[in-house]
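# Chains, contacts and geometry: an overview
Chain by chain, the residues run as shown.
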Amino acid sequence: KSDIGAVAVNAAASVEIAKTAKADTVAVNAAAEVTNNGAVKNLEVNAAAKVSNTGTVTNLTANAPAEVSNTGKVTTLTANDAVKVDNKGTISKAEVKADDVILDGKKPTTVDVAPGTKNPTNSDGKEIKDNTNSGSAPSVAYYTVAFNTDGGSEVASQSVVSGGKASVPAEPTRDGYVFYGWALD
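Only a predicted model underlies this, so the values are computations on that prediction, with no experimental measurement involved.

Reading the values: the criteria
- Residues numbered from 1 in each chain as written.
- Predicted model: local features only at pLDDT ≥ 70, side-chain atom pairs only at ≥ 80, totals over all residues.
- Heavy atoms only, no water.
- Core = buried A, V, L, I, M, F, W, Y, C linked by side-chain atoms within 4.5 Å.
- Buried < 20%, exposed > 50% of the residue type's maximum accessible area, 1.4 Å probe, protein only.
- Helix = DSSP H or I, 4+ residues; strand = E, 2+ residues; numbered from the N terminus.
- Contact = heavy atoms within 4.5 Å.
- Pairing = 2+ DSSP bridges.
- Axes fitted to C-alpha atoms, helices over the stretch in contact; angles between N-to-C directions.
- Salt bridge = Lys/Arg side-chain N within 4 Å of Asp/Glu carboxyl O.
- Lys, Arg positive; Asp, Glu negative; His and termini not counted.

## Considerations on the nonpolar core
- Among the nonpolar cores identified, the biggest contains 31 residues, and Leu43, Leu77 and Val83 are the most heavily contacted of them.
- For this core, the element with the most residues is strand 3 (residues 21–28), which contributes 4 residues.
- For Leu77, the residues in contact, after removing those within four places along its chain, are Leu60, Val85, Ile91, Lys93, Ala94, Glu95 and Leu103.

## Looking at the sheet that holds strand 12 (residues 102–105)
- If you trace the 6 strands from one edge of the open sheet to the other, you get 2-4-6-8-10-12, paired in parallel fashion. This sheet does not close on itself; its edge strands, each paired only once, are strand 2 (14–17) and strand 12. Neighbour to neighbour, the strand axes of the sheet diverge by 10° on average, direction disregarded.
- Relative to strand 6 (residues 49–53), strand 4 (residues 33–36) runs parallel, the two being bridged by 4 bridges.

## Observations concerning the sheet that holds strand 11 (residues 90–96)
- With respect to topology, 7 strands assemble into an open sheet ordered 1-3-5-7-9-11-13, the strand pairing being parallel. Every other strand in the sheet has two partners, leaving strand 1 (2–9) and strand 13 (110–113) as the edge strands with one partner each. Averaged over neighbouring strand pairs, the angle between their axes works out to 10° when direction is ignored.
- As judged from the 6 bridges shared by strand 3 and strand 5 (residues 39–45), these two strands associate in the parallel manner. Bridged to Thr25 within strand 5 is Asn42.

## Re the pattern of salt bridges
- Counted under the stated rule, the structure contains 5 salt bridges.
- The partner of Lys41 in a salt bridge is Asp24, and the shortest N-O contact between them spans 3.5 Å. Remark: Asp24 occurs in strand 3 and Lys41 occurs in strand 5; sequence separation between them is 17 residues.
- The class for Lys41 is partly exposed, based on a relative accessible area of 48%.
- Classification of Asp24 as partly exposed rests on a relative accessible area of 35%.

## Here's the deal with the pairing of strand 3
- Of the strand pairs in this sheet, strand 1 and strand 3 are connected by 7 bridges, and their pairing is parallel. When the sheet's bridge partners are listed, Ala6 is paired in strand 3 with Thr25.

## Thoughts on the side chain of Asp104
- With respect to the helices, strands and loops of the structure, Asp104 is situated in strand 12.
- No salt bridge is formed by the buried Asp104; the nearest opposite charge belongs to Lys84, separated by 4.5 Å.

## Considerations on the pairing of strand 6
- Residues Ala49, Val51 and Asn53 point to one face of strand 6 and are all buried, whereas Lys50 and Ser52, pointing to the other face, are not buried.
- Pairing analysis gives 5 bridges linking strand 6 to strand 8 (residues 66–70), with the strands arranged parallel. Within the sheet, the bridge partner assigned to Asn53 lies in strand 8 and is Asn70.

## Description of the environment of Ala170
- Among the structural elements, Ala170 can be located in the segment after strand 15 (158–161).
- On the basis of relative accessible area, Ala170 is assigned to the exposed category, the value being 58%.
- When the C-alpha atoms of Ala170 and Glu154 are compared, they prove to be 9.7 Å apart, with 16 residues separating the residues in sequence.

Nothing here speaks to function; it is all geometry.
Structure representation (structure tokens):
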């Protein structure tokens, strides 16, 4: 196996990474065609390019419009710009941080859409929804628990999350009476 460290593609070219090659970083800085058959830790697309992956990529980051064909394995795809992905392999996580992202083929296991960003679609326009809830907090129901002291001193009400329990409040006081405990009404 050959360890090729870092590769920068700075001019229009056709670049192929061999099946036995391992690269730490491949930066595509020009309109190019890049084919990865090996193992790449970080594949950065910084210019309009065509990328084909049949090997493994740990982090594929699209910082410019790109076309990506994947029949291999991508751990994390980060779309910082409009990217079109044809996935026939595996993408564990797609982080969508730009509008106009197209995800065709097999849906990534996790689709995480940044707040304020449109959900990606497939080429037919069908929306692919965020399945992490990171774009918005899930709604949680709260209930107000009020305490009836039957003429005794006031006890503050409590806001309790659905399925939760109220805390035992302070005992109320009333001249001439003894407090024996709370009852559920």
